[in-house]
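Next come the chains, spelled out residue by residue.
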Amino acid sequence: MLIPDEVKQIANDIKEMRIRGAGEIARAAVKTLRITVQNSKAKTVEELLEELRTTAEIVINTRPTAVSLPNGIRFVSKKVRKELERNPSVEELKDTVDKAVKEFIVNSQRAVQRIGEIGSKRIRNGDVLLTHCNSAAALSVILNAAQQNKDIRVFATETRPKFQGHITCKILRDAGIDVTLIIDSAVRLYMNKIDTAIVGADAISSNGALVNKIGTSTVALVAKEARTLFFVAAETYKFSPETLIGELIEIEERDIEEVIDREELERIGNPKVLNPAFDITPPHYIDLIITEKGIIPPQAAFTILQEEFGWLSGDKKSLF
Ligand code: RI2
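Please read these numbers as outputs of a predicted model, since none were measured by experiment. (Residues numbered from 1 in each chain as written. Predicted model: local features only at pLDDT ≥ 70, side-chain atom pairs only at ≥ 80, totals over all residues. Heavy atoms only, no water.)

Okay, the pattern of salt bridges next. Side chains that differ in charge, positive against negative, can pair when their charged atoms come close. Considering all chains together, one arrives at 25 salt bridges under this definition. Salt-bridge contacts for Lys79 lead to Glu103; the nearest nitrogen and oxygen are separated by 3.4 Å. With Lys79 in helix α4 (residues 68–84) and Glu103 in helix α5 (residues 90–120), the pair connects residues that are 24 residues apart, well separated along the chain. By relative accessible area, which is 31% here, Lys79 ends up partly exposed. Residue class for Glu103 comes out partly exposed when judged on its relative accessible area of 34%. (Salt bridge = Lys/Arg side-chain N within 4 Å of Asp/Glu carboxyl O. Helix = DSSP H or I, 4+ residues; strand = E, 2+ residues; numbered from the N terminus. Buried < 20%, exposed > 50% of the residue type's maximum accessible area, 1.4 Å probe, protein only.)

Rendered as structure tokens:
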């Protein structure tokens, strides 16, 4: 099978973080399935499935932590498996993939909007908020609150090493919101001024632990100590079914050149450098999780997983 260039390009853009944010990479990943069927010369259903399997494997391996990515693929593969029960033709199966991709994209965009509507009710007039990294779901809550004419101020962390905090500042400033950019290590100094810290999610495990951008757990810890509320905004496809069967969420390690360039590294005597992209926040630091289905305590993650995926959570590698 010839992998379409567009699929390779999207996979590479996800890997290099030109496409980023857990929701956005899930939408990009499911699009590669549509591109695969559009370009396919498969003569049999089995050939088409083999092509879908190859594409799924390529995109799933781009970024290991964001569970939205395999969950997006899983959404499409579930529809495909259902269709296979009635012995479809190649064309019919292609059509199923196309429709499922559209459905996932529309649903996921609606989910972000719905999270904004629900979560903004928990933001009060005059609140000072803090957010870390750049999360469309967390920003949806903040932007919705601002649209309701609530007078809010936001502290945004830089989010080293890739400075996604700058994207957050731009989006909030474009919406006319009062924003202050701080370095990540200033979080403790300002936490007493903050009413609510709100972040997104790359993955949520069955025990309600949050996996999100490196530094999130420090924000949560500091928030707890300062008695500041800590909210997570997460679509239900950010919950990890694999964790129900005992798997751990892999923490992505990225190139150390994101942290320090080779020349400077050499100048300071070549110390070892680590660059984990994410960290884990235990459930007892989280006040609530805002999903498109409603507000839940982290302890309800298990229920969400059961509702969304049932007990038989599939292996990421055998989705089609
Ligand atoms: P939305 C991002 O990961 C951040 O960790 C962010 O909190 C999370 O995805 C969720 O983002 P990265 O791609 O889906 O910057 O809410 O590594 O946009």
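We now examine the domain arrangement of the chain. Taken as a whole, the chain is organised into domain 1 (5–114 + 313–318) and domain 2 (115–309). Between domain 1 and domain 2, the C-alpha centre-to-centre distance is 26 Å. Taken together, the contact between domain 1 and domain 2 spans 26 residues of the former and 37 residues of the latter. Carbon and sulfur atoms make up 52% of the area that domain 1 and domain 2 hide from each other, which totals about 2500 Å². Applying the counting criterion to the domain 1 and domain 2 interface returns three salt bridges. One salt bridge connects Arg74 with Glu242, and the closest N-O pair in it is separated by 2.7 Å. Remark: the boundary between domain 1 and domain 2 carries 19 residue pairs in polar contact (both at pLDDT 80 or more). Among the secondary structure elements, those contributing two or more residues to the side of domain 1 that touches domain 2 are α2 (22–39), α4 and α5. Sort the elements by how many residues they give to the side of domain 1 that touches domain 2 and α5 lands first, with six residues. Of the residues contributing to the side of domain 1 that touches domain 2, the split by class is nine nonpolar, eight polar and nine charged. (Domains from an automatic or database assignment. Contact = heavy atoms within 4.5 Å. Buried area = accessible area lost by both parts, 1.4 Å probe. Polar contact = N/O pair within 3.5 Å; in protein donor to acceptor, adjacent residues only side chain to side chain. Nonpolar A, V, L, I, M, F, W, Y, C, P; charged D, E, K, R; others polar.)

Where α2 contacts helix α3 (residues 45–60), the axes come no closer than 10 Å and their chain directions differ by 150 degrees. With respect to α3, the axis of α2 lies roughly antiparallel. Pair α2 / α3 crosses with right-handed handedness. Facing α2, whose interface residues are Ala29, Thr32, Leu33, Thr36 and Val37, α3 presents Leu48, Glu51, Leu52, Thr55, Ala56 and Val59. When its residues are assigned to classes, the contact of α2 with α3 shows seven nonpolar, three polar and one charged. (Axes fitted to C-alpha atoms, helices over the stretch in contact; angles between N-to-C directions. Parallel < 35°, antiparallel > 145°, perpendicular 65-115°, else oblique. Left-handed = near helix turned anticlockwise from the far one by under 90°.)

One finds Leu33, Ile73, Val76, Val97 and Phe320 to be the most contacted residues of the largest nonpolar core, which totals 38 residues. Those elements that place two or more of their residues in this core are α1 (5–15), α2, α3, α4 and α5. At nine residues, the largest contribution of residues to this core is made by α2. In contact with Val97, not counting residues within four places along its chain, are Leu33, Arg34, Val37, Leu52, Val76 and Val80. (Core = buried A, V, L, I, M, F, W, Y, C linked by side-chain atoms within 4.5 Å.)

Following the criterion strictly, the structure yields one cavity of 30 Å³ or more and no others. Put simply, the largest cavity is a space of about 70 Å³. Taken together, 13 residues form the lining of the largest cavity, with Pro161, Lys162, Lys213, Glu258 and Ala277 sitting closest to its centre. Taken together, the residues of the lining of the largest cavity break down into five nonpolar, three polar and five charged. (1 Å grid on protein atoms, 1.4 Å probe; cavity = no way out; pocket = protein on both sides within 12 Å on 5 of 7 lines; lining within 4 Å. Points joined across faces, edges and corners; volume = space filled by probe spheres on them.)

So, on to the sheet that holds strand β10 (residues 294–296). One open sheet holds the seven strands; their spatial order is β3-β2-β1-β4-β7-β9-β10, and the pairing between them is mixed. Each edge of the open sheet is held by one strand with a lone partner, namely β3 (178–182) and β10. The mean angle between the axes of side-by-side strands here comes to 25 degrees, regardless of whether they run parallel or antiparallel. Here strand β7 (residues 229–233) pairs with strand β9 (residues 288–291) via three bridges, running parallel. Along β9, the bridge assignment pairs Ala233 with Ile290. The strands that α5 touches are β7, β9 and β10; relative to β9, the one it contacts most, it runs at about 135 degrees. (Pairing = 2+ DSSP bridges.)

A word on the pairing of β7. Most of β7 sits out of view: four of its five residues are buried. Here four bridges tie strand β4 (residues 196–199) to β7, and the two strands are oriented parallel to one another. Of the residues in β7, the one forming a bridge with Val199 is Val232.

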